[in-house]
Amino acid sequence: MKKRSVVSVFSALVIAGAMAVSMSACTSEPSQENVSSTVSETISGANVDLTDAASILDHLQENDKAQAAMIMNFDVKQGSNTLAIETHSDITYLHEGRVKTVTTMLLSGQEVSQLETYTLEKDGKYYHYTGSGEDWSVTEIEKSDLDEKTNQITDSSFLKEVTDLKVADKKEKINNVETTVLEGSLRYDRIASLLGSTMDGFDLSGTDVPTKLYVDTDKMEIIKMYMDLKPVLESAQNTDSTDAASQMNINACYLDIEIKATGDDVQDFEVPADLPEPDDTAASSKA
């Protein structure tokens, strides 16, 4: 069994992006020469039972590159006040030392900010660049810290932690690709780091988050992951508060990660020429 480490860039949204990349990992790695025959045998049913969720997970193909899109939505109403926040992140992962993320934040449908981040390797060291426009900051990432943070969500056991997993009765199309849907739940504590401070004020420890995995069974790849936090928040709110005036109407709360491209279909990206040098102490700090 081989694990592929995926780079996290130490923000909640980018960590979620790293998880999206990890979804294209698998527990077995066929050689480049016989990938096609392995997939063919899988489709024919020689190696995988497409009615069994565990069997499908065991035969997912591995990719060392990925491009993903992630949406995090938090839409609530309390009294006459409405809070609707949505973030869109586009993530390109080429290898451990080359990751780009562009995150746009919307408030009530209006764009309020956009942030670019890059994780780059130089002379055996890893640096995280954050900026918008011409203003950039750079932080050196200790390799041991990088491994500790990313291994929380990117090792091959992550998908195995989706419990009560079963194959849904109906297939669903994602971007014109027919997918087999696997339904289960994931312990909130496992994804808490993905959400940053968004869920502060809710006691969600130990709760299960309804989770769906969408599998392209022609390629044996997960192309989408959806986690619905609305029922979890509603349950926590009903438990924690007896004051009707303080209750929030939760319209939506979810995390949606979709793989757009994998392998050789992933395009490299240009790095801005004005990124600060890592040894520029005025713009650099140690993580």
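Attention here is on the structure that accompanies the text. Only a predicted model underlies this, so the values are computations on that prediction, with no experimental measurement involved.

## Here's the deal with the overall build of the chain
Right, so step 1: Looking only at helices and strands, one finds six helices and 13 strands in the chain.
Right, so step 2: Going through the 287 residues of the chain one by one, you find that 45% of them count as buried.
Right, so step 3: For the chain, the share of sequence-separated contacts (at least 6 apart) that also reach a separation of at least 24 residues comes to 61%.
Right, so step 4: By element, 44% of the accessible surface of the chain is carried by carbon and sulfur atoms, the whole surface being about 14,300 Å².

## A word on the pattern of salt bridges
Right, so step 1: Under the defined criterion, the tally for this structure stands at six salt bridges.
Right, so step 2: D268 is the partner of R98 in a salt bridge, and the nearest nitrogen-oxygen pair spans 2.9 Å. Taken together, the residues span a long stretch of sequence, with R98 in strand β3 (residues 98–107) and D268 in the loop between β12 (249–262) and β13 (284–286) at a distance of 170 residues.
Right, so step 3: Of the charged contacts in the structure, one is a salt bridge between K122 and E277, with a shortest N-O distance of 3.0 Å.

## Quick look at the pairing of strand β6 (residues 135–141)
Right, so step 1: Of the pairings in the sheet, the one linking strand β5 (residues 125–132) to β6 comprises seven bridges and is antiparallel in character. Looking at β6, one finds that Y127 is bridged to E140.

## Concerning the packing of aromatic side chains
Right, so step 1: Across all of its chains, the model carries three aromatic pairs by this definition.
Right, so step 2: Taken together, a centroid distance of 5.9 Å and an interplanar angle of 55° make the contact between Y118 and W136 tilted. Remark: W136 occurs in strand β6 and Y118 occurs in strand β4 (residues 110–122); sequence separation between them is 18 residues.
Right, so step 3: For W136, a relative accessible area of 14% gives the class buried.
Right, so step 4: Of the aromatic side chains, those joined through ring pairs into one cluster are Y118, W136 and F269.
Right, so step 5: The ring of F269 carries the charged tip of R98 above its face, separated from the ring centre by 4.6 Å.
Right, so step 6: The ring of Y214 carries K224 above its face, with NZ or CZ at 5.8 Å from the centroid.

Rules of the game
- Per chain, residue numbering runs from 1 following the sequence as it is written.
- This being a predicted model, a pLDDT of at least 70 is required before a residue's local features are given, and a value of 80 or more before pairs of side-chain atoms are given or counted; all residues contribute to the totals for chains, interfaces and linings.
- Neither water nor hydrogens contribute to the side-chain values; these are computed over all heavy atoms in the structure.
- For helices the rule is a DSSP run of H or I covering at least 4 residues; for strands it is a run of E covering at least 2, with both sets numbered from the N terminus onward.
- Accessible area is worked out with a 1.4 Å probe on protein chains only. A residue is then buried under 20% of its type maximum, exposed over 50%, and partly exposed in between.
- Here, two residues are considered to be in contact whenever any of their heavy atoms come within 4.5 Å of each other.
- Computed with the Shrake-Rupley method and a 1.4 Å probe, the accessible areas treat only the protein chains shown as cover for residues.
- One speaks of a salt bridge when a side-chain nitrogen belonging to Lys or Arg is within 4 Å of a carboxyl oxygen belonging to Asp or Glu.
- If DSSP finds at least two bridges between two strands, the strands pair.
- Between 30 and 60 degrees the pair is tilted, below 30 it is stacked and above 60 it is edge-to-face, where a pair is any two Phe, Tyr or Trp rings, Trp via its six-membered ring, whose centres lie within 6.5 Å.
- Geometrically, a charge over a ring is one whose NZ (Lys) or CZ (Arg) sits within 6 Å of the ring centre while staying within 35 degrees of the ring normal.

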